[in-house]
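Listed here are the chains, written in short residue letters.
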Amino acid sequence: MVDPLVIRSLEFMGGMATAAGWRPESSGLPEIAFAGRSNVGKSSLLNRLVRRKAFARVSKTPGRTREINFFRVNGRFVLADLPGYGYAKVSKTRQAEWRPLMDGYLRRSPTLRGVVQLLDVRREPTEDDRQMLDFLADVGVPTIVVLTKTDKVSSRAVVERVQELCRELGVDEEQIIQFSAVSGLGRDELAEAMVGLLEAEVTWERSMQNIVAPDLDGEMTS
Ligand code: GDP
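Every chain's residues receive numbers from 1 upward, in the order its sequence appears when written. In keeping with the model being predicted, local features are shown solely for residues with a pLDDT of at least 70 and side-chain atom pairs are shown and tallied solely at 80 or more, while totals for entire chains, interfaces and linings include all residues. Neither water nor hydrogens contribute to the side-chain values; these are computed over all heavy atoms in the structure.

## Remarks on the packing of aromatic side chains
Item 1. Pairing of aromatic side chains here covers Phe, Tyr and the six-membered ring of Trp, requires ring centres within 6.5 Å, and sorts the geometry by plane angle: under 30 degrees stacked, over 60 edge-to-face, intermediate tilted. Considering all chains together, one arrives at 3 aromatic pairs under this definition.
Item 2. Note on phenylalanine 12 and phenylalanine 71: the rings are 5.3 Å apart at their centroids and 45 degrees apart in plane angle, and the pair reads as tilted. Of this pair, phenylalanine 12 sits in strand β1 (residues 10–16) while phenylalanine 71 sits in strand β3 (residues 68–73), placing them 59 residues apart in sequence.
Item 3. Burial status follows relative accessibility: with a 1.4 Å probe on protein chains alone, a residue under 20% of its type maximum counts as buried, one over 50% as exposed, and anything between as partly exposed. Under the relative-accessibility criterion, phenylalanine 71 is labelled buried at 2%.
Item 4. An aromatic cluster is present here, built from Trp22, Phe70 and Tyr105 joined pairwise through their rings. Secondary structure elements are defined from DSSP: runs of H or I of at least 4 residues count as helices, runs of E of at least 2 residues count as strands, and each element is numbered from the N terminus.

Right, dumping it as structure tokens:
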């Protein structure tokens, strides 16, 4: 398969730490955001996606785990790495920062074309995951669901999880991509889906008026 997304350049633009704080100028470049609970495998997936081992390290450095980290890819689009949520051992203050940050981000991202929502195939979706999916559906942003760590379970277990997500969380089977950072399974499919989002005409219109971001336990670990 020809690589649908050859990464020629990748540039860290900076991090957004608060709702009203710095974010890159919306230079008109389309944007795709990556979300998931902490430890879901987001860094591993991003490293696979861009085929650069050290890439996601920046998002893991102390202080950056609670920011939205922006990367310019090929000078063509922006990749936004959202902070992980659902981390139990964090202070209430830090948890309380996650929601306004997400809210502020969505309100200030007119060029957002889609969100890639990660779920660990081995785990029941948590209440946080459900809220996040509901929230994305309310906002109306096109969403790709990626099941991570599929190498850790049988293919039957993967199928069962897919069925469960469709049945219980209202996810469409076409939205779901099976992924493994170990084998690389799903990398090209994800890349292709992203190219689809970037090239698609914007058909969704966000109304943030009546929508509030879920009150999740943001990671905010460091
Ligand atoms: P993050 O907190 O969401 O960025 O998660 P990481 O990418 O740091 O991954 C968390 C843990 O899961 C690490 O120990 C990874 O090595 C492991 N991991 C991530 N993706 C995979 C995968 O696809 N397969 C397996 N077997 N382990 C994975």
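## Side note on the environment of glutamine 175
Item 1. Note that glutamine 175 resides in the loop between α5 (155–169) and β7 (176–178).
Item 2. Assessed through its relative accessible area of 25%, glutamine 175 is described here as partly exposed.
Item 3. In sequence terms glutamine 175 and leucine 136 are 39 residues apart; their C-alpha atoms lie 13 Å from each other.
Item 4. We call two residues in contact when some of their heavy atoms are within 4.5 Å. If sequence neighbours within four positions are ignored, glutamine 175 has contacts with Thr143, Ile144, Val145 and Gly170.

## Points about the site of the ligand
Item 1. Within the structure, the ligand sits among 14 residues, and Lys42, Ser43, Ser44, Asp151 and Ala181 are positioned closest to it.
Item 2. Here an oxygen atom of the ligand sits 2.8 Å away from a polar atom, N or O, in the main chain of asparagine 39.
Item 3. The term polar contact refers here to a pair of N or O atoms within 3.5 Å; inside protein, the definition further demands a hydrogen-donor-capable atom paired with an acceptor-capable atom, and it admits residues adjacent in sequence only when both atoms are side-chain atoms. Contact distances for the ligand include 2.7 Å between a nitrogen atom and a side-chain N or O atom of aspartate 151.
Item 4. Working definition of accessibility: Shrake-Rupley area with a 1.4 Å probe, residue cover restricted to the visible protein chains. In isolation the ligand exposes 580 Å². Once the protein is present, 72% of that is buried.
Item 5. Here the shell around the ligand is composed, by residue class, of 3 nonpolar, 6 polar and 5 charged. The criterion for a residue being near a molecule or strand is simple. One of its heavy atoms has to lie within 4 Å of it. Lys, Arg, Asp and Glu make up the charged group, whereas Ala, Val, Leu, Ile, Met, Phe, Trp, Tyr, Cys and Pro make up the nonpolar group; the residues left over, Gly among them, are polar.

## Considerations on the pairing of strand β6 (residues 143–148)
Item 1. Within β6, 6 of the 6 residues are buried, leaving the element largely enclosed by the surrounding structure.
Item 2. Strand pairing requires that DSSP identify at least two bridges connecting the strands. Where strand β5 (residues 112–120) and β6 come together, 6 bridges link them in parallel fashion. Looking at the pairing, glutamine 117 lines up with valine 145 of β6.
Item 3. Each parallel crossover has a hand, and the one from β5 via helix α4 (residues 127–139) to β6 is right-handed. Orient the strands so they point away from the viewer, and a crossover whose first-strand-to-second-strand path over the helix runs clockwise is right-handed.

## Thoughts on empty space enclosed by the protein
Item 1. In this analysis the probe radius is 1.4 Å and the grid spacing 1 Å, with only protein atoms considered; a cavity is a set of points the probe fits into but cannot get out of, a pocket is an open set with protein on both sides within 12 Å along at least five of seven lines, and lining residues have an atom within 4 Å of a point. Grid points are joined across faces, edges and corners, and a volume is the space filled by probe spheres set on the points. Overall, the coordinates contain 2 cavities of 30 Å³ or more when judged by the stated rule.
Item 2. In this structure, the largest cavity occupies an estimated 40 Å³ of space.
Item 3. Together, Leu119, Asp120, Arg123, Glu124, Pro125, Asp129, Leu147 and Arg161 line the largest cavity.
Item 4. Split into classes, the residues belonging to the lining of the largest cavity amount to 3 nonpolar, no polar and 5 charged.
Item 5. As a volume, the second largest cavity reaches approximately 30 Å³.

The values reported here are purely geometric and, on their own, carry no functional implication.
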